[in-house]
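Below are the chains, spelled out letter by letter.
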Amino acid sequence: MARVLTPRAEDFPRWYQDLIAKAKLADNGPVRGTMVIRPAGYAIWERMQAEMDDRIKAAGAENAYFPLFIPESYLKREAEHVEGFSPELAVVTHGGGKQLAEPVVVRPTSETVIGEFMAKWIDSYRDLPLLLNQWANVVRWELRPRVFLRTSEFLWQEGHTAHASREDARAYARKILHEAYEDLMVNVIGIPVVVGLKTTRERFAGATATYTCEGMMGDGKALQLGTSHELGQNFAKAFDISYSSAEGGRELAWTTSWGTSTRMLGGLIMCHGDDNGLRVPPRLAPVQAYVMVVKDGDGVTEAAAKLRDALRDAGVRVALDDRTDTPFGRRAVDAELRGYPVRVEVGPRDLAAGNAVVVRRTDGSKSPVPVADVVGAVLAALDADQQALHDQALAFRTSRTVDVATLDEALEATVTGWARVPWSAVGVEGEAKANGQGVTVRCLVRADGSVPDTEDEPDLTAILARAY
């Protein structure tokens, strides 16, 4: 295989940029910090979107859409929220050739505008819970952009819910965290995530609790892949999201918000990619099997088309590459870069022997397989390689995570990976010291690995790492 990427071990950031460019996943937009998602990248996002949408709907939420422009006064109603987002806001002051009477903000997130309409739509306890989600773009002016990871505009889903009690709101925020986010990341994207509670310093602006899914990337750094927030009654007070209780009194609702974004594409690349390109877990892959005509003639193209049809009939997402006017080696390199889980190569010599060659992207193995057995071999490879990618990522995370007793030991460990350290050995002062050295507390977990309710619980473990 010809080398077309900077080796990961030599320069991980350059490898990342090379892969995105050579696999034709995305390009930089004309405005600094924006990105153009190319068809190959968008196809993966569509699969993520579909899988996530199914899980969100299974949790009872319904999709809606809210405006891109938000009156500046809406954000100012919740002081902590506007303070947290102020440096990232894009503000429109002119429209239609005139100065606007009130500036409008290009949404960085939609708690405020959705809060306004929740207040309008909720009257009685019978209207609760109100479970909403939207698929949209948001803008957060980014000073140090990196495609998929930090861009000034990105795509995401954002859920917003209102509940009659704090307990119901907390249960729903955690339901999304585990049943939508963690399940998708682990079982489809194949990224083993640590699920925990953000510290007060790290939680979402205006929230009372933030829960997170943290993945380890191929250089040992952490990436926040999704968050779910309890907002308490902060936004309910600011926007008068209230309801008539069964007893006839007027009560404030309890709200949540939660989101995942195109950052998951960056996580996919950095967790599973190798020196030959992307490796896409089969359950996520837009193309699971790529049937390639090595050389035309002797019925090869016809045989390849029949294999494509047989694979499609077996439920495999399949594509046929019969572009014999392009050298096979170049096409094979492109397929490696795109990370198709399985290639089925059909050439005259193999076909004369009754075989096709099955190539597995995960381990690079190549096996001649009787044509009649190709479908079974592909299905077996897809199942095995979905698990193999997850297990490889988990083994890597385990090898780069150390248990330590002190903050100084934790800071030293974050040079190459993650540190697990008693939260009592870090605390608020230690967290500030770590931040000064480019290290953050990614999350807090209980001794049994479960998610705590507050950072004040005894015997919590802090995960410290450098992060994207």
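Quick summary incoming for the structure in this document. Source: prediction; values computed, not measured.

1. Describing the overall build of the protein
Counting its regular elements, the protein contains 14 helices and 23 strands. Here the C-alpha atoms of the protein give a radius of gyration of 25 Å, agreeing with the 23 Å that 2.2 N^0.38 yields for 468 residues. Dimensions of the protein along its principal axes, counting C-alpha atoms only, are 80 × 55 × 50 Å. Pairs at least 24 residues apart make up 69% of the contacts formed inside the protein by residues separated by at least 6 positions. Carbon and sulfur atoms make up 49% of the accessible area of the protein, which totals about 20000 Å². Distance from the positive charge centre (54 side chains) to the negative charge centre (65 side chains) of the protein: 5 Å.

2. So, the sheet that holds strand β17 (residues 342-346)
One open sheet accounts for five strands, arranged β16-β15-β17-β18-β19; its pairing is mixed. Each of the sheet's edge strands pairs with one partner strand only, and the pair in question is β16 (318-321) and β19 (366-370). This sheet shows a mean twist of 25 degrees between the axes of neighbouring strands, independent of strand direction. The pairing of strand β15 (residues 289-293) with β16 spans four bridges and is parallel. The partner of A289 across the bridge, within β16, is V318. Packing of helix α9 (residues 300-313) onto the sheet brings it into contact with β15, β16, β17 and β18 (355-360), and relative to β15 it is tilted by some 170 degrees.

3. What to know about the environment of K295
Along the polypeptide, K295 turns up in the loop between β15 and α9. For the pair formed by K295 and G436, sequence separation is 141 residues and the distance between their alpha carbons is 59 Å. When near neighbours in sequence (up to four residues on either side) are disregarded, K295 contacts V300, T324, V346 and P348.

4. Quick notes on unusual backbone geometry
Residue P129 follows L128 across a cis peptide bond; omega there is -5 degrees. Along the polypeptide, P129 turns up in the loop between α5 (111-121) and β7 (130-139). In this structure, F148 takes a positive phi of about 75 degrees despite not being glycine. Mapped onto the secondary structure, F148 falls in the loop between β7 and β8 (153-163). Owing to a relative accessible area of 2%, F148 belongs among the buried residues under this scheme. The phi dihedral of D459 is positive, around 60 degrees, even though this residue is not glycine. With respect to the secondary-structure elements, D459 resides in the loop between β22 (440-445) and β23 (461-465).

5. Observations concerning the packing of aromatic side chains
For the structure on display, the rule yields 10 aromatic pairs. Each ring, one from F66 and one from F117, has its centre 6.3 Å from the other, and the planes form 55 degrees; the classification is tilted. Taken together, the residues F66 in the loop between β3 (62-63) and β4 (69-71) and F117 in helix α5 connect sequence positions 51 residues apart. By the ring-pair criterion, three or more aromatic residues cluster together here, those being F66, F117 and W121. Over the face of the ring belonging to Y468 we find K221, whose NZ or CZ atom lies 5.0 Å from the ring centre.

6. As for the packing of helix α2 (residues 39-58) against helix α8 (residues 263-272)
At a closest axis distance of 10 Å, the pairing of α2 and α8 adopts a crossing angle of 110 degrees. Between α2 and α8, the angle falls in the class roughly perpendicular. You can see that α2 and α8 cross each other, and the crossing is right-handed. Between α2 and α8, the contacting residues are G41, I44, W45, M48 and M52 on the first element and M264, L265 and L268 on the second. Taken together, the residues that form the contact of α2 with α8 break down as seven nonpolar, one polar and no charged.

7. Considering the side chain of T199
With respect to the helices, strands and loops of the structure, T199 is situated in the loop between β9 (193-197) and β10 (209-216). The class for T199 is buried, based on a relative accessible area of 1%. A distance of 2.6 Å separates a polar atom in the side chain of T199 from a polar atom in the side chain of E431. Ignoring anything within four residues of it in the chain, the contact list for T199 reads W423, E431, V441, L444 and E455.

8. Remarks on the nonpolar core
In terms of nonpolar packing, the biggest core is built from 62 residues, with L25, M48, F148, M264 and I269 touching the most fellow members. Considering each element in turn, this core owes the most residues, eight residues, to helix α6 (residues 166-187). Not counting chain neighbours up to four residues away, the residues in contact with F148 comprise Y16, I20, L25, A26, M35, I37, T262, R263, L265, G266 and I269.

9. Things to note about the sheet that holds strand β6 (residues 98-106)
Spatially, three strands are ordered β4-β6-β5 in an open sheet, and the strand pairing comes out antiparallel. Each of the sheet's edge strands pairs with one partner strand only, and the pair in question is β4 and β5 (90-95). The average undirected angle you get between the axes of adjacent strands in this sheet is 45 degrees. The pairing of β4 with β6 spans three bridges and is antiparallel. Residue F69 lies in a different strand from β6, and its bridge partner there is V106.

Reading the values: rules and limits
Residues numbered from 1 in each chain as written. Predicted model: local features only at pLDDT ≥ 70, side-chain atom pairs only at ≥ 80, totals over all residues. Heavy atoms only, no water. Helix = DSSP H or I, 4+ residues; strand = E, 2+ residues; numbered from the N terminus. Rg over C-alpha atoms; globule rule 2.2 N^0.38 Å. Contact = heavy atoms within 4.5 Å. Areas by Shrake-Rupley, 256 points an atom, 1.4 Å probe, with all protein chains shown as cover. Lys, Arg positive; Asp, Glu negative; His and termini not counted. Charge placed at Lys NZ, Arg CZ, Asp CG, Glu CD. Pairing = 2+ DSSP bridges. Axes fitted to C-alpha atoms, helices over the stretch in contact; angles between N-to-C directions. Buried < 20%, exposed > 50% of the residue type's maximum accessible area, 1.4 Å probe, protein only. Phe/Tyr/Trp six-rings, centres within 6.5 Å; stacked < 30°, edge-to-face > 60°. Lys NZ or Arg CZ within 6 Å of the ring centre and 35° of its normal. Parallel < 35°, antiparallel > 145°, perpendicular 65-115°, else oblique. Left-handed = near helix turned anticlockwise from the far one by under 90°. Nonpolar A, V, L, I, M, F, W, Y, C, P; charged D, E, K, R; others polar. Polar contact = N/O pair within 3.5 Å; in protein donor to acceptor, adjacent residues only side chain to side chain. Core = buried A, V, L, I, M, F, W, Y, C linked by side-chain atoms within 4.5 Å.

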